[in-house]
Each structure stands twice: as structure tokens, then as C-alpha cells.
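# Chain and residue survey
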Amino acid sequence: MQRITITVSDTPHPLAQDQNIDVIEAAALEAVRVGGDIVRVTLYGNRELAILVSPGVPITFEIAEVPEETRDDGDLDHPFEPYSDFENDYPLL
């Protein structure tokens, strides 16, 4: 599966699995053409990011192969915390 990361002003944001890079790129280009606008994307973890896209704001897209994540379904009503490398035997309080 591919993971798309959008980097805005040197800050990377991994997108949710269902995000369409073609749609996001088109929205970003249109925002620049009209002098600036908000482009909303859904991030990995089911969180929304509103990006003020305007001329002079650097935006890059990176595509990488990653394992599928079943929780990453773009449902903004059900955000989740990505898995941690820290494993322990302590119960959650």
C-alpha cells in the first residue's frame, strides 16, 4: 500500500490511506491560482488538517510503500493514535 506524505513549509504530514493525491494537487494548484485558499486533507490517525495554500508556500508530496493499517479509514469521528514502538505489560489506566 502507498502512504502519501504532504510536507508544508518543512513540516511533514502523513495522509490517510484514502486520500487522493490528484485531487489534493488540483485543489492546491487552484488555491495558488486564486491567490490563496484553504485545502483540507485527512491525516493518518483520522485527523483533519486545514492548509492555507498560497503563492510562496512550499508543498511537496512523497509516496512510500507501507503496510496497510485497518484503523486508517479516514473517519474523522474516530481518530486513533498510531502504534508505538514501546511495548509493555502494564495495563492502561
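Since we're looking at a predicted model, the values are computed, not measured. (Residues numbered from 1 in each chain as written. Predicted model: local features only at pLDDT ≥ 70, side-chain atom pairs only at ≥ 80, totals over all residues. Heavy atoms only, no water.)

### Looking at the pairing of strand β3 (residues 37-43)
Consecutive side chains along a regular strand alternate between the two faces of the sheet. Defined as follows: Pairs of strands are assigned from DSSP output, requiring at least two bridges between the strands. Strands here are runs of E lasting at least two residues and helices are runs of H or I lasting at least four, both read from the DSSP assignment and numbered beginning at the N terminus.
By the bridge criterion, seven bridges tie β3 to strand β4 (residues 47-53) in an arrangement that is antiparallel. Counterpart to D37 in the pairing with β4 is V53.

### Focus: unusual backbone geometry
Even without a glycine there, the phi angle at S9 is positive, about 50°. Within the fold, S9 resides in the loop between β1 (2-8) and β2 (11-14). Look at D10: it is not a glycine, yet its phi comes out positive at around 70°. As for its position among the elements, D10 is in the loop between β1 and β2.

### Examining the sheet that holds strand β5 (residues 59-65)
The pairing of strands in a sheet comes from backbone hydrogen bonds and takes either a parallel or an antiparallel form. Here is the rule: Axis geometry follows a simple rule: fit a line to the C-alpha atoms, using only the stretch in contact for helices, then measure angles between N-to-C directions, giving values from 0 to 180 degrees.
As summarised here, the arrangement of the three strands in space is β2-β1-β5, forming an open sheet in which the pairing is antiparallel. The sheet is open, and its two edges are formed by β2 and β5, each paired on a single side. Ignoring which end each strand starts from, the neighbouring axes of this sheet average 25° apart.

### Points about the nonpolar core
Soluble globular proteins tend to bury their nonpolar side chains together. Put simply, the rule is: Joining through side-chain atoms within 4.5 Å is the link that ties buried Ala, Val, Leu, Ile, Met, Phe, Trp, Tyr and Cys residues into a set, and such a set is a nonpolar core. The rule is simple: take the accessible area with a 1.4 Å probe, protein chains only, and divide by the maximum for that residue type; under 20% is buried, over 50% is exposed, in between is partly exposed.
Formed by 14 residues in total, the largest nonpolar core has its most connected members in I6, L15, V41, I51 and V53. Elements that contribute at least two residues to this core include exactly β1, α1 (21-33), β3 and β4.

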